[in-house]
Amino acid sequence: MRHFYFFSLLLLLPLPTQAAGIDSTLYVSIGGIEQYISIKGSQAKAPLLLYLHGGPGQAASKTVQAVLSVLEQDYRVVHWDQRNSGKTLAKNIDSTTVTLARMQSDAEAVFLFLLEQFEQQKLTLLAHSWGNALGFSLAQKYPQRIAHYIAISPDVNPKKSQEVALKRLKSHFQQQNDEKAIAELSQVAIPHKSIYEMVIQYKWESIYNGEKVTDEMVAQYMPFFQDWEAKWMPLYQELYARDLSKEIKALDCQVSFFLGQSDYTANSQLAAKYYKKLQAPAKSIYWFDSGHNIFNQAPEVLQDRLLKCLSEK
């Protein structure tokens, strides 16, 4: 895998050095494009914490930023808008095919840039959902440079996760005699071959979890999903071939798993089994009364447990 070690900073705001803290945004030249990074913290010399957002293609939301803001008292919290996401997407038109190797290379470049720019030996790594495809890669390659890796809703085996979820949905709606759900779900195959199959499964999964999703809502957002498909479906097919339990059996850094009890998108039971087998010098697991998106469904509990987890050595 080729990596990009040449960095050029295009500052929107200068990086402050005063003791009052830090609140900066910048673009870093990585992988042939300018990628957006924001850094916030109450102490200019505090340790770094890098957040790897989910998606792919969805930069950190205001909800995520609000939850992680509690960490800004003790860390310089770094948000990075990944390729084809958020302000990185707004700055660049990237028509190249996005692969897992390219995204992992981008993440490595951001990781090394932060350590070098701020003269740090280590940083804390926090990833959500898809972001763990990048986080586990970094933790495997640079364990001595990671103080603590927190994996929120990691998808250990995407293909098996979706197979289990689809089977559960079909069984549930057959018991409910919901002919529409049964008919639509019968069109879905794993791995998903199109965005339509993916949307249909997630639609009925949301309804299963008590959310209101109408056909009108699906139609309204379909242009977004179709745009997402053009950029990200090749990468998603790569992810379906992965099984972390076979790829990475040990990490030489402190690891914590945050899992939602009813997460069927990234099956939390599969993640828990992986956690038990994963070898690490120190590890911990935290369970939440939520589904996949713990940030939205249990934000206050998540804040409390992040603080508790990061205080443990």
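Keep in mind it's a predicted model, so treat the numbers as computed, not measured.

## Remarks on the overall build of the chain
The helix and strand tally for the chain stands at twelve helices and nine strands. For 313 residues, the compact-globule formula gives about 20 Å, and the C-alpha radius of gyration of the chain, at 20 Å, lands near that figure. With the principal axes as the frame, the chain shows a C-alpha extent of 65 × 40 × 35 Å. Surface exposure of the chain reaches about 14600 Å², of which carbon and sulfur atoms provide 51%. Treating the 32 positive side-chain charges of the chain as one cloud and the 31 negative ones as another, the clouds have centres 5 Å apart.

## Points about a positive patch on the surface
Side chains of Lys-160, Lys-246, Lys-249, Lys-273, Lys-276 and Lys-277 sit close together on the surface and give a patch of like positive charge. Among the elements that make up the positive patch, the one with the highest residue count is helix α10 (residues 268-277) (three residues).

## Quick word on the pairing of strand β6 (residues 123-128)
For β6, the buried fraction is high: six of the six residues fall into the buried class. The sheet contact formed by strand β4 (residues 48-52) and β6 spans four bridges and is parallel. Note that in β6 the partner of Leu-52 across the bridge is Ala-127. As defined by bridge partners, β6 adjoins strand β7 (residues 146-152) across six bridges and the pair is classed as parallel.

## Description of the nonpolar core
Ranked by internal contacts, the top residues of the largest apolar core, which has 61 residues, are Ile-37, Leu-50, Leu-114, Phe-136, Tyr-149, Leu-251 and Phe-257. At ten residues, the largest contribution of residues to this core is made by helix α3 (residues 100-117). Apart from residues no more than four positions distant in its own chain, Phe-136 is found in contact with Tyr-149, Ala-151, Pro-154, Leu-244, Ile-248, Leu-251, Phe-257 and Tyr-274. By size, the runner-up hydrophobic cluster in this structure holds 22 residues, among which are Tyr-51, Leu-68, Leu-126 and Leu-306.

## Details of the pattern of salt bridges
Going through the model one piece at a time under the given rule, you end up with eleven salt bridges. A salt bridge links Lys-141 to Glu-108, with the nearest nitrogen and oxygen atoms 3.3 Å apart. Remark: Glu-108 occurs in helix α3 and Lys-141 occurs in helix α4 (residues 131-141); sequence separation between them is 33 residues. Across the salt bridge formed by Lys-180 and Asp-215, the nearest N and O atoms sit 2.4 Å from each other. With a gap of 35 residues between them, Lys-180 in helix α6 (residues 179-185) and Asp-215 in helix α8 (residues 215-240) connect regions that are remote in the sequence. For Lys-180, a relative accessible area of 40% puts it in the partly exposed group. A relative accessible area of 34% means that Asp-215 is categorised as partly exposed. Beyond isolated ion pairs, a larger network of salt bridges with shared partners links Lys-180, Glu-184, Lys-203 and Asp-215.

## Overview of the side chain of Ser-38
Locating Ser-38 in the fold gives a position in strand β3 (residues 33-41). Given a relative accessible area of 9%, Ser-38 falls into the buried group. Discounting chain neighbours no more than four positions away, the residues touching Ser-38 are Ser-24, Thr-25, Val-77, Val-78 and His-79.

About the cut-offs
- Residues numbered from 1 in each chain as written.
- Predicted model: local features only at pLDDT ≥ 70, side-chain atom pairs only at ≥ 80, totals over all residues.
- Heavy atoms only, no water.
- Helix = DSSP H or I, 4+ residues; strand = E, 2+ residues; numbered from the N terminus.
- Rg over C-alpha atoms; globule rule 2.2 N^0.38 Å.
- Areas by Shrake-Rupley, 256 points an atom, 1.4 Å probe, with all protein chains shown as cover.
- Lys, Arg positive; Asp, Glu negative; His and termini not counted.
- Charge placed at Lys NZ, Arg CZ, Asp CG, Glu CD.
- Patch = residues over 30% accessible without salt bridge, like charges linked within 9 Å, V, L, I, M, F, W, Y side chains within 5 Å.
- Salt bridge = Lys/Arg side-chain N within 4 Å of Asp/Glu carboxyl O.
- Buried < 20%, exposed > 50% of the residue type's maximum accessible area, 1.4 Å probe, protein only.
- Pairing = 2+ DSSP bridges.
- Core = buried A, V, L, I, M, F, W, Y, C linked by side-chain atoms within 4.5 Å.
- Contact = heavy atoms within 4.5 Å.

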